[in-house]
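# Commentary on secondary and tertiary structure
One letter stands for each residue in the lines below.
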2 protein chains.
Amino acid sequence: MDQYSDALGNLVDSFARLPGIGRKSAQRLAFHILKQPKQEAYQLAKAIVNAKEKIKYCQICYNLTDQDICPICSDPNRDPSIICVVEDARDVMALERVHEFKGLYHVLNGAISPIDGIGPEQLKIRELLLRLQDETIQEIIIATNTNIEGEATAMYLSNLLKPLGIKITRIAQGLPVGGDIQYADEITLAKAFNGRWEI
Amino acid sequence: MDQYSDALGNLVDSFARLPGIGRKSAQRLAFHILKQPKQEAYQLAKAIVNAKEKIKYCQICYNLTDQDICPICSDPNRDPSIICVVEDARDVMALERVHEFKGLYHVLNGAISPIDGIGPEQLKIRELLLRLQDETIQEIIIATNTNIEGEATAMYLSNLLKPLGIKITRIAQGLPVGGDIQYADEITLAKAFNGRWEI
């Protein structure tokens, strides 16, 4: 690509550095930007700068927000006695789309993963313990992912929080809705059996 | 996503507007940007602005460049008697990687496609005719794509240029290297047969 200018090479490199975007896609995106009217192309640049400048962590739940306290934490209609602990702000997004949960959240910003050098002290667990000093909290729902890191985090949290005398629950695991028993993996099937309930 | 701030929503929207990036990927990219150190995140924004400001069309061949005349057109070692006509600046990139062609290029910036409202007047064909007034040009290689639009453009160009008495050639079509005859489509096979050469 050395017949091209640094400016184009830089743009391709910058796109290629994003997760899940290879060199071919990066090239396609760069040429798309070059073909767009200036105003439209600048929109993405502005959105990046704007987001980086405005978005920060909620001081209570560590969700991403453009205010000091996120709209969920400051909503008086939400039930402050239940806290749902998730790994990532995107999990809050996904759960909010369901309109099922009316309590508050606590975003850990990751999961315990020794292989990536992430221990409990890298997560917002100390901050969760501080929140639990508030006597109104009656239940903690652990909604970390159901993979190894998420399970390890759930286990760690339940061991840590059980002595505090608060009700600790874990989201249900089993066959997804519309799931085929013949295609389900063994662990999911075992979880589905162990978690069976009377109809 | 209404529990999120405009800044994050805007960033997701801006990514989702890029070709080949759906909402899920746009969300992943936006969160990646938010997690990055400010300096790294700004790099992409800067690269976009920089590219849009610096990169323009070469005044001779309409390739993309940051100079008035692109490095290929201004290279005295290239053969000015052969011009390879391509649809897009990316085609120049691809052909340059092969190190096979030592002539000059002419980028049409598209192909004739009535369904998209692109006729010959939207392409850099007038500019190609102007270049052909230079008597040194002896051969035009038409290297438009081998799809319907590319073929239509090749046909149009050859009809237009034949009367000028310049040698007009078209890149070869046939089985790609490593291709399997049993998996090739009929048109490619027919082209491969018609274009056979004596060994």
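## Topic: the domain arrangement of chain A
One can read the domain layout of chain A as domain 1 (6-54) and domain 2 (64-198). Inter-centroid distance (C-alpha atoms) of domain 1 of chain A to domain 2 of chain A is 35 Å.

## As for the relation of the copies chain B and chain A
It takes a turn of 180 degrees to lay chain B on chain A, together with a shift of 0.0 Å along the axis; the resulting RMSD is 0.1 Å. What we have between these two chains is a two-fold relation. The position closest to the rotation axis in chain B is occupied by the C-alpha of Ala45(B), lying 2.0 Å away. Take the interface residues of chain B: 100% of them recur as interface residues in chain A, which is what a same-surface contact looks like.

## Notes on the environment of Met93(B)
Within the secondary structure layout, Met93(B) lies in helix H4 (residues 89-98). In sequence terms Met93(B) and Asn63(B) are 30 residues apart; their C-alpha atoms lie 9.6 Å from each other.

## A word on the pattern of salt bridges
Counting across every chain of the model gives 14 salt bridges over all chains. Here Lys35(B) and Asp88(A) are joined by a salt bridge, their closest N and O atoms 3.2 Å apart. Residue Lys35(B) is found in helix H2 (residues 23-35), and its partner Asp88(A) is found in the loop between strand E3 (82-86) and helix H4 (89-98); the two belong to separate chains. Judged by its relative accessible area of 53%, Lys35(B) is exposed. A residue is classified by how much of its surface remains accessible, and Asp88(A), at 14% relative accessible area, is buried. Residue Arg170(A) is joined to Glu151(A) by a salt bridge in which the shortest nitrogen-to-oxygen separation is 3.4 Å. Of this pair, Arg170(A) sits in strand E6 (residues 167-170) while Glu151(A) sits in helix H6 (residues 148-161); the two residues are 19 residues apart in sequence, bridging distant segments of the chain. Taking relative accessible area as the criterion, Arg170(A) reaches 26% and is therefore assigned partly exposed. Within this structure, Lys35(A), Asp88(B) and Arg90(B) form a network of salt bridges that share partners.

## Things to note about the sheet that holds strand E6 (residues 167-170) of chain B
All names here are of chain B. Strand order in the open sheet made by the four strands is E4-E3-E5-E6, with parallel pairing throughout. Looking at the sheet topology across the chains shown, the edges are occupied by strand E4 (103-107) and E6. For this sheet, the mean angle separating the axes of adjacent strands, direction not counted, is 25 degrees. Sheet topology note: the strand E3 (residues 79-86)/strand E5 (residues 139-142) ladder contains four bridges and is parallel. Opposite Ile83, over in E5, you have Ile140 as the bridge partner. With respect to the sheet, H4 is in contact with E3 and E4, its orientation differing from that of E4 by roughly 155 degrees. Strand contacts of helix H6 (residues 148-161): E3, E5 and E6, with the helix running at about 170 degrees to E6, the strand carrying the most contacts.

## Overview of the interface of chain B and chain A
Contacts between chain B and chain A engage 54 residues on the former and 54 residues on the latter. Between chain B and chain A the total buried area reaches about 5100 Å² when both faces are included, carbon and sulfur atoms providing 67% of it. Where chain B touches chain A, the interface holds two salt bridges. Taken together, chain B and chain A are joined by twelve residue pairs in polar contact (both at pLDDT 80 or more). Going through the elements one at a time, helix H1 (6-16), H2, helix H3 (38-54) and H4 of chain B are the ones with two or more residues in the side of chain B that touches chain A. If one sorts the elements of the side of chain B that touches chain A by residue count, H3(B) sits on top with 14 residues. Taken together, the residues that form the side of chain B that touches chain A break down as 29 nonpolar, eleven polar and 14 charged.

Rules and cut-offs
- Residues numbered from 1 in each chain as written.
- Chains lettered and ligands numbered in written order.
- Predicted model: local features only at pLDDT ≥ 70, side-chain atom pairs only at ≥ 80, totals over all residues.
- Heavy atoms only, no water.
- Domains from an automatic or database assignment.
- Least-squares fit on C-alpha atoms with pLDDT ≥ 70 in both.
- Contact = heavy atoms within 4.5 Å.
- Helix = DSSP H or I, 4+ residues; strand = E, 2+ residues; numbered from the N terminus.
- Salt bridge = Lys/Arg side-chain N within 4 Å of Asp/Glu carboxyl O.
- Buried < 20%, exposed > 50% of the residue type's maximum accessible area, 1.4 Å probe, protein only.
- Pairing = 2+ DSSP bridges.
- Axes fitted to C-alpha atoms, helices over the stretch in contact; angles between N-to-C directions.
- Buried area = accessible area lost by both parts, 1.4 Å probe.
- Polar contact = N/O pair within 3.5 Å; in protein donor to acceptor, adjacent residues only side chain to side chain.
- Nonpolar A, V, L, I, M, F, W, Y, C, P; charged D, E, K, R; others polar.

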